[in-house]
Amino acid sequence: MTVNASGGSSVVRPQLYQTLPASTIYQAEQQDRFLGKGELNELAKFFSSGVKRLEIAQVLTKNSERIVSSAANTIFSGGSPMAFLEKPYQPEMTTSIVGATTSSIENNGKSNLFQGLRNLFSNLGAGSPGPIPAGFRTIPVFKYGPANMTKSLRDLSWFLRYTTYAIVAGDPSILSVNVRGLREIIENACSTISTIVAIQQMRQASMRYFQDQEAKEIVAQYFNVVLTEFREPTPSNKQRLGQSSDQQGLELPEIYFNAAQRRQKFVMKPGLSNFEKQDVIKAAYRQVFERDITRTYGLNISSLESQVKNCKISMKEFIRGLGQSSLYRKQFYEGFVNSRVVELATRHFLGRGLSSPEEFRKYFDIVTKGGLSALVNAMVDSQEYSDYFGEETVPYIRGLGQEAQECRNWGAQFDLFEYSAPFRKVPQFVTLFADYEKPLPNQHVYGVCNDPLEIQFGAIFPEETRNPKNHPIFFGKDTRRILIHQGAGIDSQISSLGTRAKNPGSLGPKVFKVEQLPEDDIDSKFRSLRSSNRASIRFSESSPEKIITAAYRQVFGRDVYDDQRLKDVENQFENCDITVREFIRALVKSDTFRNMYWTSLYVCKAVEYIHRRLLGRPTYGRKEINFYFDICAKQGFYALVDAIINSQEYNEAFGENTVPYERYLTPAGFSLRNTRLGTIGKKGLRVQKEIKPRFLELGTPRLFRTEPDIKFRIMQGVNKQREQSKVFKLTSTEDEQQLEMVIAAAYRQIFERNIDPYRSRSEFSSLESKLENNEMNIKEFIEGLGCSQLYVKEFYTPYPNTKVIELGTRHFLGRAPRNQVEIRKYNQILATSGINSFIGAMVNSVEYIEMFGEDTVPYRRFPTLPAANFPNTEKLYNQLTKQSEDLVIYSFEPAVVTDRS
């Protein structure tokens with residue numbers, strides 16, 4: 001049987017681009033040499049321009065919205081394109097860029113049909129962004145739609161963002177890898193011509209922010225790469241040579257190949273110089289022996305070297321001779337098991353890892369019967385070696401990204417390529433596939449274990465941190481799940497299907513069934529009804545309330561709420577218009593059950609739940625799941641319910657008048673129910689509780705704490721180690737973004753919420769205008785907010801003076817009141833002078849000036865408070881004003897209520 005399984009991807013993502021330092025150092029490392037003078041000069045030039053590249057990227061990032069806005073206004077008309085831009089969180093800029101202009105691109109929002117063309121021609125007058133492609137037309141916003149507008153603005157921002165990545169990395173390969181092939185994708189969604197015009201406009205808008213000619217050239221260079229790569233068509237996928245029936249995943253996208261680490265290919269030609277031939281021979285040593293043996297060990301195979309240099313033998317025969325030499329035998333054959341020998345030989349002579357278990361068996365048989373020489377001959381004489389290396393090329397590593405590889409052996413290949421053979425002697429490939437070919441007795445059909453919890457049915461998805469050896473095993477359709485009977489073991493239906501209808505008795509669950517009394521105890525009216533199978537359950541041994549309650553508990557797993565009950569169906573059941581079976585059917589088809597066990601679950605898990613509720617057992621295996629899955633896919637939820645309730649098993653086990661009950665359990669479910677702490681006493685076992693002295697219990701720390709954690713706890717409440725991390729301070733009103741952030745922080749601090757609906761009022765507009773025009777500072781702005789009508793309405797009028805004082809210290813001083821003396825002080829001010837004087841006293845206090853100064857928004861500063869005031873501040877900040885009117889610090893001691901009865 002051919003087993004196609006996944007070896008798992010590497011924990012490290014493949015690199016999708018090449019930077020200049022990485023590619024330079026990698027090539028030197030591959031050739032086992034020092035960096036050349038030209039390479040060092042190139043690296044020095046790259047690092048010397050690093051500061052300028054960072055400045056360019058910072059300027060483009062800061063003005064990204066304006067740059068994208070310029071491009072969007074050029075290609076869109078009839079609306080405001082920037083309204084559809086997804087604005088990510090932008091951290092506060094603390095450093096200023098020298099030489100960067102701060103000119104802004106205004107958008108008055110009065111767009112019309114010709115605004116895009118007008119902006120384009122105005123930009124042409126200021127400096128041409130590039131030729132306009134033929135057939136360019138502006139795109140109306142109202143016809144394009146909100147979803148398409150959001151995607152287009154996101155794509156434009158994406159082009160600018162990746163341009164900054166490439167500028168910082170100093171290598172345009174990032175753009176080549178990620179942009180090439182987008183033309184066909186964008187053509188289906190938007191317009192290629194419009195995208196080209198937008199990129200040209202972003203290039204022109206970006207260059208305006210720089211006065212340095214060198215910076216402009218760098219920006220233009222990388223935008224030109226974007227335009228060039230965008231115009232290129234999508235490259236075709238690389239195909240692997242020599243496909244066979246047991247190989248899979250044999251196509252590699254061209255962009256991954258272009259981004260992969262380049263390995264130099266060494267070819268032995270007759271016309272090469274002696275030094276060049278020596279480099280080719282060293283490359284052969286590095287490939288076969290994984291190191292340059294001439295430099296590391298002072299060894300060489302002189303006879304073979306002279307023959308290949310004089311062209312008496314080809315490079316292919318030279319590789320064969322190295323593999324059959326005594327040195328290779330000692331290094332990679334004598335100290336390893338045959339499985340590892342086969343793995344290493346495929347790396348050394350074919351440049352890849354093993355492809356499939358079938359290939360491993362083939363080479364394993366060869367090395368077992370013929371030894372190392374036969375294995376080397378089989379690989380060197382193979383068709384694959386001729387296709388890739390021929391007679392003159394030195395074999396090279398063909399790892400992930402070099403060519404199309406089977407996904408099932410990625411993990412094994414990474415281990416094989418990244419570790420040296422003398423340090424890793426365990427066979428990677430054969431151990432990987434050994435588990436897949438050897439079924440484990442406790443392996444679950446659908447997941448990683450045998451039902452670790454009773455509620456885990458269907459496909460079980462392990463976490464990423466789970467041991468990789470716990471993976472699903474291959475089960476056929478004839479595999480049966482192990483189930484435990486709820487009752488006498490002799491009555492298991494695995495041994496006899498005739499025991500389905502047998503009552504489990506006292507050893508199993510309680511059965512609720514409609515049973516009739518003798519005929520002479522029933523009125524003649526009900527005698528005739530009984531003959532027509534319509535006898536009233538009011539004359540049965542089980543009352544209707546018990547039957548209905550049991551049905552709800554079985555179907556829903558719990559007692560339902562009153563508004564979820566099906567009163568009409570209950571009345572029909574009590575009047576014998578429907579049987580228990582039809583009552584169960586109505587409950588399962590209700591909206592409540594559908595929402596609980598169908599809508600919110602994937603199909604496999606829903607089938608398992610419904611199957612347990614209606615038939616009283618889990619599914620047997622994959623064959624049964626596939627049967628119900630097919631019904632769900634073709635006919636839906638209601639057909640699944642009918643198929644289970646109308647089945648022969650349901651009819652034999654429960655019939656018309658029995659409420660379904662749990663008949664079978666999984667082993668894990670049975671174990672969980674019988675080993676709980678509450679069930680130990682039923683088995684005659686007693687729990688001996690170990691008594692530990694109280695002083696030892698209190699003196700033993702519950703958690704292990706490190707030394708920094710202990711110091712942190714000791715100093716807590718008396719220093720600034722837990723000070724608020726984000727402090728909003730206004731340094732300049734010219735930065736619009738910073739000003740907006742500080743104003744929003746002030747509103748949140750004073751009013752405990754964003755107050756955008758109120759900001760249109762003249763009261764707040766005038767305060768913001770004065771702050772923006774430097775007519776007041778932040779302290780005066782905070783005082784103005786506190787004296788506003790909104791603050792008086794929200795935090796003064798509804799509350800007593802004591803609560804107003806607590807809220808005032810919270811909003812303007814960032815803490816709770818210290819003591820009763822402070823409360824009495826501010827209470828006197830409130831009573832004599834009013835709310836405005838109270839707020840002015842706090843804002844103009846020495847404490848406010850020392851803590852916040854003139855330009856800082858007040859914030860929660862409990863870490864700097866004395867430890868005695870820390871709990872009060874914590875309690876005051878953790879409760880919302882609108883939800884709690886309780887006083888944190890009482891102005892008087894609460895009275896003690898005594899019982900005088």
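Predicted, not measured: the structure shown is a model, and the values here were computed from it.

A full pass over the atoms with the stated rule returns 36 aromatic pairs. Centroid distance Y747 to F751: 6.4 Å. Interplanar angle 40°. Geometry classified as tilted. Taken together, the residues Y747 and F751, both in helix α35 (residues 736-751) and four residues apart, mark about one turn of the helix. Exposure class is identical for Y747 and F751. Each is buried. Ring geometry for Y791 and F795: centres 5.0 Å apart, planes at 40°, overall tilted. Within this pair, Y791 and its partner F795 are both found in helix α38 (residues 789-795), separated by four residues, close to a single helical turn. Across the pair, F795 and Y791 agree in class, each one buried. One cation-aromatic arrangement involves R398 over Y388; the distance from NZ or CZ to the ring centre is 3.8 Å.

Time to look at unusual backbone geometry. The phi torsion of most residues other than glycine is negative, and most of the peptide bonds are trans. A positive phi is found at C311, a non-glycine position, where the angle reads about 65°. Mapping C311 onto the fold places it in the loop between α15 (302-309) and α16 (315-323). Of note, C576 is a non-glycine position whose phi angle comes to about 65°, a positive value. Judged by relative accessible area, which is 9%, C576 ranks as buried.

Right, let's talk about empty space enclosed by the protein for a bit. Empty space among the atoms can be located by rolling a probe the size of a water molecule over them. According to the stated counting rule, one finds four cavities of 30 Å³ or more in the structure shown. Of the volumes computed, that of the second largest cavity is approximately 50 Å³. Lining the second largest cavity are E343, T346, G353, L354, A412, Q413, L416, Q428 and F429. When residues of the lining of the second largest cavity are traced back to their parent elements, those giving at least two are α18 (338-350) and α21 (410-418). Counting residues per element, the lining of the second largest cavity draws most heavily on α21, which supplies three residues. Among the residues making up the lining of the second largest cavity, the classes are represented as four nonpolar, four polar and one charged.

Inspection of the secondary structure assignment puts H611 in helix α28 (residues 603-615). A relative accessible area of 0% places H611 in the buried class. What H611 contacts, discounting residues up to four positions off in sequence, is G616, R617, P618, T619, E624, Y628 and I644.

It is worth spelling out the nonpolar core at this point. In this structure, F289, M315, F318, L322, Y328 and F349 are the most contacted members of the largest nonpolar core, which totals 45 residues. If you list the elements that add at least two residues to this core, you get α13 (274-289), α15, α16, α17 (326-332), α18, α19 (357-380), α20 (383-388) and α21. By residue number, the principal contributor to this core is α19, which donates eight residues. Discounting residues that sit within four places of it in the chain, F289 has contacts with L322, S325, L327, Y328 and F332. Counting 44 residues, the second largest nonpolar core, distinct from the first, contains A72, I139, V141 and L227.

What follows is about the packing of helix α27 (residues 591-599) against helix α30 (residues 637-645). Packing of α27 against α30 brings their axes to within 12 Å, and their N-to-C directions diverge by 95°. Taken together, α27 and α30 sit at an angle that is classed as roughly perpendicular. From α27, F593, R594 and W598 reach across to α30, where they touch F637, Y638 and L640. Classifying every residue of the contact of α27 with α30 gives five nonpolar, no polar and one charged.

A few words now on the pattern of salt bridges. Applying the stated criterion across every chain yields a total of 29 salt bridges. Note that E570 is salt-bridged to R565, the shortest N-O span being 3.2 Å. Assessed through its relative accessible area of 7%, E570 is described here as buried. On the basis of relative accessible area, R565 is assigned to the partly exposed category, the value being 27%. Notably, a salt bridge pairs R585 with E582, separated by 3.0 Å at the nearest N-O pair. One end of the pair, R585, and the other, E582, are both in helix α26 (residues 580-588), three residues apart, so they sit about a helical turn from each other. A relative accessible area of 32% means that E582 is categorised as partly exposed. What emerges from the salt-bridge pattern is a single network uniting R352, E359, E384 and R398.

Let's shift gears to helix α7 (residues 146-169). Taking 1.5 Å of rise per residue, 24 residues should cover 34 Å, and α7 covers 35 Å from first to last C-alpha, within 8% of that figure. By the burial criterion, the buried members of α7 are M149, S152, L153, L156, F159, L160, Y162, T163, T164, A166, I167 and A169. Among the residues trailing α7, G170 stands out with phi positive, at a value near 75°.

Once that is clear, we can look at the confidence of the model for the chain. With 69% of its residues at a pLDDT of 70 or more, the chain shows a mean pLDDT of 75. This model gives residues 91-127 a pLDDT under 50, and the stretch forms 59 contacts once residues within four places in sequence are excluded. Long-range and interchain partners of residues 892-901, a stretch whose pLDDT sits below 50, account for zero contacts in this model, where long-range means more than four residues apart.

All right, on to the environment of E392 then. Structurally, the position occupied by E392 is in the loop between α20 and α21. Residues E392 and I313, spaced 79 residues apart in sequence, show a C-alpha to C-alpha distance of 9.9 Å. In this structure E392 touches F266, V267, M268, K269 and M315, once residues within four positions along its chain are discounted.

Among the residues making up helix α41 (residues 835-843), those that are buried are I835, F838, I839, G840, M842 and V843. Residues of α41 that are buried make contact with α37 (778-786), α38, α39 (801-813), α40 (820-833) and α42 (846-851).

The next thing to look at is the packing of α39 against α41. Where α39 meets α41, the axes come as close as 10 Å, and the angle between the chain directions of the two elements is 40°. Looking at the two axes, α39 sits oblique to α41. Pair α39 / α41 crosses with right-handed handedness. Along the contact surface, α39 presents V804, I805, G808, T809, F812 and L813, while α41 presents I835, F838, I839, M842 and V843.

Moving on: the side chain of R581. Summarising the element assignment, R581 is placed in helix α26. The exposure class of R581 is buried, given its relative accessible area of 6%. Residues within four places of R581 in sequence aside, it is in contact with I645, N646, Y650, N651, G655 and E656.

Another aspect to go through is the environment of D591. For D591, the location among the structural elements is in helix α27. Exposure remark for D591: the relative accessible area of 56% places this residue in the exposed category.

The rules behind each value
- Residues numbered from 1 in each chain as written.
- Predicted model: local features only at pLDDT ≥ 70, side-chain atom pairs only at ≥ 80, totals over all residues.
- Heavy atoms only, no water.
- Phe/Tyr/Trp six-rings, centres within 6.5 Å; stacked < 30°, edge-to-face > 60°.
- Helix = DSSP H or I, 4+ residues; strand = E, 2+ residues; numbered from the N terminus.
- Buried < 20%, exposed > 50% of the residue type's maximum accessible area, 1.4 Å probe, protein only.
- Lys NZ or Arg CZ within 6 Å of the ring centre and 35° of its normal.
- 1 Å grid on protein atoms, 1.4 Å probe; cavity = no way out; pocket = protein on both sides within 12 Å on 5 of 7 lines; lining within 4 Å.
- Points joined across faces, edges and corners; volume = space filled by probe spheres on them.
- Nonpolar A, V, L, I, M, F, W, Y, C, P; charged D, E, K, R; others polar.
- Contact = heavy atoms within 4.5 Å.
- Core = buried A, V, L, I, M, F, W, Y, C linked by side-chain atoms within 4.5 Å.
- Axes fitted to C-alpha atoms, helices over the stretch in contact; angles between N-to-C directions.
- Parallel < 35°, antiparallel > 145°, perpendicular 65-115°, else oblique.
- Salt bridge = Lys/Arg side-chain N within 4 Å of Asp/Glu carboxyl O.
- Expected span 1.5 Å × (residues − 1).
- pLDDT = per-residue confidence, 0-100.
- Left-handed = near helix turned anticlockwise from the far one by under 90°.

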